Amino acid sequence: MNRKKLQKLTDTLTKNCKHFNKFEVNCLIKLFYNLVGGVERQGLIIGLDRNAFRNILHVTFGMTDDMIMDRVFRGFDKDNDGCVNVSEWVHGLSLFLRGSLEEKMKYCFEVFDLNGDGFISKEEMFHMLKNSLLKQPSEEDPDEGIKDLVEITLKKMDHDHDGKLSFADYELAVRQETLLLEAFGPCLPDPKSQMEFEAQVFKDPNEFNDM
């Protein structure tokens, strides 16, 4: 990408980006094109597909849960075209790395609301908790333990007692106890990997090669 084009793209994305300055946006754009490994070709979508993106989540941010990584990909891929483009990349990372509590709550809730109906149901909780808990070799039926966990979680978070979590339930619970933000699985980077990513990328995006 030539300098003029890069400059223009940086300006445009910086204008619409809350949490990064111009230098940082520029670094993230360069990193994006390094990761994609391609130049703009006429009529071809340049972006990170699901596998490339999951690889970044896994290697860079230590995520291991396939179901959650898939949902994070959908959270970034706003236009649902199966690819994270450069603007989705910068905006997604803005929230992912530096979002306010409000932004993060909205994002996490969308990740956990697997079928997109505006609620986190018992079934969805069951799937996510079963997925994120380590399988313990024991005589007991592990599903029973997870069902108990779902009930405990509901008791703690379901303020209007309708057997499922609305965003209002979730928001209230998280404001009282921030640890509940990622109650159903890690969908944000832990502080250590966030700091390492930022330190490396905002120093020299061209050196970011531990993929």
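Predicted model only: the values in this text are computed from it and were never measured.

(A) Geometry of the overall build of the chain. Regarding its fold elements, the chain presents 10 helices and four strands. Secondary structure elements of the chain, listed N to C terminal, follow the sequence α-α-β-α-α-β-α-α-β-α-α-β-α-α. When contacts within the chain are restricted to residue pairs at least 6 apart in sequence, long-range pairs at least 24 apart make up 61% of them. Working note: accessible area of the chain is about 11,900 Å², and carbon and sulfur atoms make up 52% of it.

(B) Spotlight on the nonpolar core. Residues Trp 89, Phe 96 and Phe 112 are the most contacted members of the largest nonpolar core, which totals 59 residues. When near neighbours in sequence (up to four residues on either side) are disregarded, Phe 112 contacts Ile 68, Ile 120, Glu 124, Met 128, Tyr 170, Leu 181, Glu 182, Ala 183, Phe 184, Gly 185 and Cys 187.

(C) Structural context of the UniProt feature "domain: EF-hand" (unreviewed entry) in the chain. Mapped onto the present numbering, the UniProt feature "domain: EF-hand" (unreviewed entry) falls at residues 64-99, 100-135 and 145-180. This span, residues 64-99, is 67% helix and 6% strand, and a straight line between its end C-alpha atoms measures 22 Å. Secondary structure content for residues 145-180 is 64% helix and 6% strand, while the C-alpha to C-alpha distance between its ends is 19 Å.

(D) Highlighting the packing of aromatic side chains. Applying the stated criterion across every chain yields a total of 12 aromatic pairs. Between Phe 109 and Phe 167, the aromatic rings sit 5.5 Å apart at their centres with planes inclined by 85°, giving edge-to-face as the arrangement. Taken together, the residues span a long stretch of sequence, with Phe 109 in helix α6 (residues 101-112) and Phe 167 in helix α9 (residues 167-176) at a distance of 58 residues. Among the residues examined, Phe 167 registers a relative accessible area of 29% and is labelled partly exposed. Judged by centre distance (5.4 Å) and plane angle (85°), the rings of Phe 112 and Phe 184 are edge-to-face. Of this pair, Phe 112 sits in helix α6 while Phe 184 is found in the loop between α9 and α10 (191-201), placing the two residues 72 residues apart along the sequence. The pair Phe 112 / Phe 184 is uniform in exposure class, with both members buried. What links up through ring pairs into an aromatic cluster is the set Phe 53, Phe 61, Phe 73, Phe 76, Phe 96 and Phe 197. The ring of Phe 119 has Lys 164 sitting right over it, with the charged end atom 4.0 Å from the ring centre.

Cut-offs and rules
Residues numbered from 1 in each chain as written. Predicted model: local features only at pLDDT ≥ 70, side-chain atom pairs only at ≥ 80, totals over all residues. Heavy atoms only, no water. Helix = DSSP H or I, 4+ residues; strand = E, 2+ residues; numbered from the N terminus. Contact = heavy atoms within 4.5 Å. Areas by Shrake-Rupley, 256 points an atom, 1.4 Å probe, with all protein chains shown as cover. Core = buried A, V, L, I, M, F, W, Y, C linked by side-chain atoms within 4.5 Å. Buried < 20%, exposed > 50% of the residue type's maximum accessible area, 1.4 Å probe, protein only. UniProt positions renumbered as here; feature names shortened; annotations may be inferred. Phe/Tyr/Trp six-rings, centres within 6.5 Å; stacked < 30°, edge-to-face > 60°. Lys NZ or Arg CZ within 6 Å of the ring centre and 35° of its normal.

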